[in-house]
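Residue-level listing of the chains:
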Amino acid sequence: MNKRKIVRNLIVIITFIVSISILSGCSVKKTEVEKTNNKKEADTLEIGLSLDSYIIERWERDRDVFVSTAKELGAEINVQSANGDIDVQISQIEYFIEKNVDVIVVVAIDADKLSSVIKQAKDAGIKVIAYDRLIRNADVDMYISFDNEKVGTMMGEEIASHYSNKKVIMICGAPADNNVSLVNGGFETIMANRGIEIIDKTFCEGWKAELAAEYVNKHIDLIANADAIMCGNDDIATNVIRTLAVYRKAGAIDIVGQDADLAACQHIVEGTQNMTVYKPVEKLAKEAAKYAVDFANKKEVDVNTTINDGTYDVPYVALEPISVYKGNIDEIIIDSGFHSRDDVYLNISE
């Protein structure tokens, strides 16, 4: 073998060895990158938040506070809104299960139609929090809300403070929302104890407040004989008040609601709504976010109170609602920053 051939063979061998080394190095680096990415994904806490819809004013506020608080605590939030469609909400929860999120937080559209998909989540090892509305027969890991029976009691006490042996109409929220039955129970107990007659009771399917306006138009003669109207929330109350104004009856009939919507606070200072029940949703959203992150971090969560969901006793965190009327609206609503003074008194002349 001549010298030139030997050199050529050596070059080929060296080139081959160098190529193998480079490829091995790339393979190692690629594997290390994949491991790093997988570790990063595994370390990321992910919470799925399924909302009913944004038809009620407060839900955007709840969402924003929940998301910001959870992010501050190191979690990523995937927010879905079902726009009031229970089948869409079930699909969204199934999507969260497929993504294997750490925790699912649900504002239930229908208290009775989510138990099956919640079981799927729990079978997959995912914690579930029922936010504001109880999910029945589902054995959720936590239910966090306000004392909804007390909300109804506060509405009833406001009406009873003005009347006895009088007549009241109830225009309630969505019957599929478990909170509605709790609120109604508290209200009806006060009415029965004070001898106040409930002359009619109706519901707004899907919390559609325009149904309240339709009811008023169709039953204006009955309403003319009522002393007060209990409204399931402030959006319903606003539609009732606007419709009563057409008949020049706004302010002539006592109106109560809940949520402390801006329009309701304006109506209170204007004298067309007697009271609302303020539920500090920022506090609720922050507490819920903290519990969700604790669940995601596999921390032990101790809650001493329970509520029965129809089958199971589930951990229950209940925050206190606050009755708001003209005499304390500045202190409770404006001083807390929930609504500004300029907005609340927008229609009041100085």
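Everything here concerns the structure above.
The following refers to the structure shown. Nothing here was measured: the structure is a model prediction, and the numbers come from that model. (Residues numbered from 1 in each chain as written. Predicted model: local features only at pLDDT ≥ 70, side-chain atom pairs only at ≥ 80, totals over all residues. Heavy atoms only, no water.)

### Overview of the packing of aromatic side chains
Step number 1: Within the structure shown, the criterion is met by three aromatic pairs.
Step number 2: Centre to centre, the rings of Y143 and Y316 are 5.0 Å apart; their planes meet at 10 degrees, and the pair counts as stacked. Of this pair, Y143 sits in strand 5 (residues 142–146) while Y316 sits in strand 12 (residues 313–319), and the two are 173 residues apart along the sequence.
Step number 3: On the basis of relative accessibility, which here comes to 0%, the residue Y143 falls in the buried class.
Step number 4: Judged by relative accessible area, Y316 falls into the buried class, the value being 12%. (Phe/Tyr/Trp six-rings, centres within 6.5 Å; stacked < 30°, edge-to-face > 60°. Helix = DSSP H or I, 4+ residues; strand = E, 2+ residues; numbered from the N terminus. Buried < 20%, exposed > 50% of the residue type's maximum accessible area, 1.4 Å probe, protein only.)

### Comments concerning the pattern of salt bridges
Step number 1: Enumeration according to the criterion identifies 16 salt bridges in this entry.
Step number 2: Connected through shared salt-bridge partners, D52, R133 and D177 make up one network. (Salt bridge = Lys/Arg side-chain N within 4 Å of Asp/Glu carboxyl O.)

### A look at the environment of V128
Step number 1: With respect to the element layout, V128 can be found in strand 4 (residues 127–131).
Step number 2: By relative accessible area, V128 is classed as buried at 0%.
Step number 3: Spatially, the C-alpha atom of V128 lies 9.0 Å from that of F295, the residues being 167 residues apart in sequence.
Step number 4: Non-local contacts of V128, meaning those with residues more than four positions away in its chain, are made with I104, I118, A121, K122, V140, D141 and M142. (Contact = heavy atoms within 4.5 Å.)

### Some details on the sheet that holds strand 10 (residues 275–278)
Step number 1: One open sheet accounts for six strands, arranged 7-6-8-9-10-13; its pairing is mixed. Each of the sheet's edge strands pairs with one partner strand only, and the pair in question is strand 7 (197–203) and strand 13 (322–325). Taken over all neighbouring pairs, the strand axes of this sheet differ in orientation by 20 degrees on average, direction set aside.
Step number 2: Along the sheet face, helix 7 (residues 210–218) touches strand 6 (167–172) and strand 7 and points at about 145 degrees away from the line of strand 6. (Pairing = 2+ DSSP bridges. Axes fitted to C-alpha atoms, helices over the stretch in contact; angles between N-to-C directions.)

### Notes on helix 9 (residues 234–246)
Working note: α-helix, 3.6 residues per turn, so residues spaced by three or four point in the same direction.
Step number 1: Here helix 9 contains 13 residues, and its C-alpha end-to-end distance of 19 Å stays within 8% of the 18 Å for a straight helix at 1.5 Å per residue.
Step number 2: Of the positions making up helix 9, those classed as buried are D234, I236, A237, T238, N239, V240, I241, T243 and L244.
Step number 3: Put simply, N233 is the residue that caps the front of helix 9, since its side-chain oxygen is 3.2 Å from the backbone nitrogen of D235. (Expected span 1.5 Å × (residues − 1). Polar contact = N/O pair within 3.5 Å; in protein donor to acceptor, adjacent residues only side chain to side chain.)

### Comments concerning the layout of surface pockets
Step number 1: Its boundaries defined by the atoms lining it, the largest pocket holds a volume of some 250 Å³.
Step number 2: Taken together, 17 residues form the lining of the largest pocket, with G84, I109, E205, G206 and W207 sitting closest to its centre.
Step number 3: Looking at the lining of the largest pocket, its residues break down into seven nonpolar, four polar and six charged. (1 Å grid on protein atoms, 1.4 Å probe; cavity = no way out; pocket = protein on both sides within 12 Å on 5 of 7 lines; lining within 4 Å. Points joined across faces, edges and corners; volume = space filled by probe spheres on them. Nonpolar A, V, L, I, M, F, W, Y, C, P; charged D, E, K, R; others polar.)

### As for the side chain of K279
Step number 1: On the secondary structure map, K279 appears in the loop between strand 10 and helix 11 (281–296).
Step number 2: Residue classification places K279 among the buried positions, given a relative accessible area of 5%.
Step number 3: Separated by 3.1 Å, the side chains of K279 and D259 make a polar contact.
Step number 4: For K279, the residues in contact, after removing those within four places along its chain, are R58, F146, V151, Q258, D259 and P321.

### What about the nonpolar core?
Step number 1: Counting residues in each nonpolar core, the largest one holds 73 residues, and the members touching the most others are F66, I171, I229 and V240.
Step number 2: Among the elements that make up this core, the one with the highest residue count is helix 11 (nine residues).
Step number 3: Contacts of F66, omitting those with residues within four sequence positions, involve I47, L49, I77, V105, A285, A288, A289 and A292.
Step number 4: One finds I93, I104, V106 and V128 within the second-largest nonpolar core, a separate group that totals 25 residues. (Core = buried A, V, L, I, M, F, W, Y, C linked by side-chain atoms within 4.5 Å.)

### Description of the sheet that holds strand 1 (residues 45–51)
As a general point, the strands of a sheet are linked pairwise by backbone hydrogen bonds and lie either parallel or antiparallel.
Step number 1: Read across the sheet, seven strands follow the order 2-1-3-4-5-12-11 without closing on themselves; strand pairing throughout is mixed. The sheet is open, and its two borders are formed by strand 2 (75–81) and strand 11 (306–308), each paired with just one other strand. Here the average twist between neighbouring strands, direction ignored, is 25 degrees.
Step number 2: Taken together, the four bridges between strand 5 and strand 12 define a ladder with parallel strand orientation. Of the residues in strand 12, the one forming a bridge with S145 is A318.
Step number 3: Its contacts with the sheet put helix 2 (residues 58–72) on strand 1, strand 2, strand 3 (103–106) and strand 4, and the angle it makes with strand 2 is roughly 160 degrees.
Step number 4: Each of strand 1, strand 2 and strand 3 is contacted by helix 3 (residues 86–99), which is oriented at about 175 degrees to strand 1, the strand it contacts most.

### As for empty space enclosed by the protein
Rolling a probe over the atoms, with the probe sized like a water molecule, indicates the empty space that remains.
Step number 1: Using the criterion set out here, one finds two cavities of 30 Å³ or more in the structure.
Step number 2: Roughly 150 Å³ of internal volume is contained in the largest cavity.
Step number 3: Taken together, 20 residues line the largest cavity, and the ones lying closest to its centre are D177, W207, G232, Q258 and K279.
Step number 4: Ranked by the residues each element gives to the lining of the largest cavity, the list is headed by helix 6 (residues 178–193), at four residues.
Step number 5: Looking at the lining of the largest cavity residue by residue, the classes come out as seven nonpolar, seven polar and six charged.
Step number 6: Of all elements in the fold, only strand 1 and helix 2 reach the threshold of two or more residues within the lining of the second largest cavity.
Step number 7: For the lining of the second largest cavity, the element with the highest residue contribution is helix 2, accounting for four residues.

### What about unusual backbone geometry?
Glycine aside, residues mostly have negative phi angles, and peptide bonds mostly take the trans form.
Step number 1: Of note, N100 is a non-glycine position whose phi angle comes to about 55 degrees, a positive value.
Step number 2: Position of N100 relative to the elements: it lies in the loop between helix 3 and strand 3.
Step number 3: A positive phi angle is found at W207, which is not glycine, with a value near 60 degrees.
Step number 4: Secondary-structure assignment places W207 in the loop between strand 7 and helix 7.
Step number 5: A relative accessible area of 7% places W207 in the buried class.

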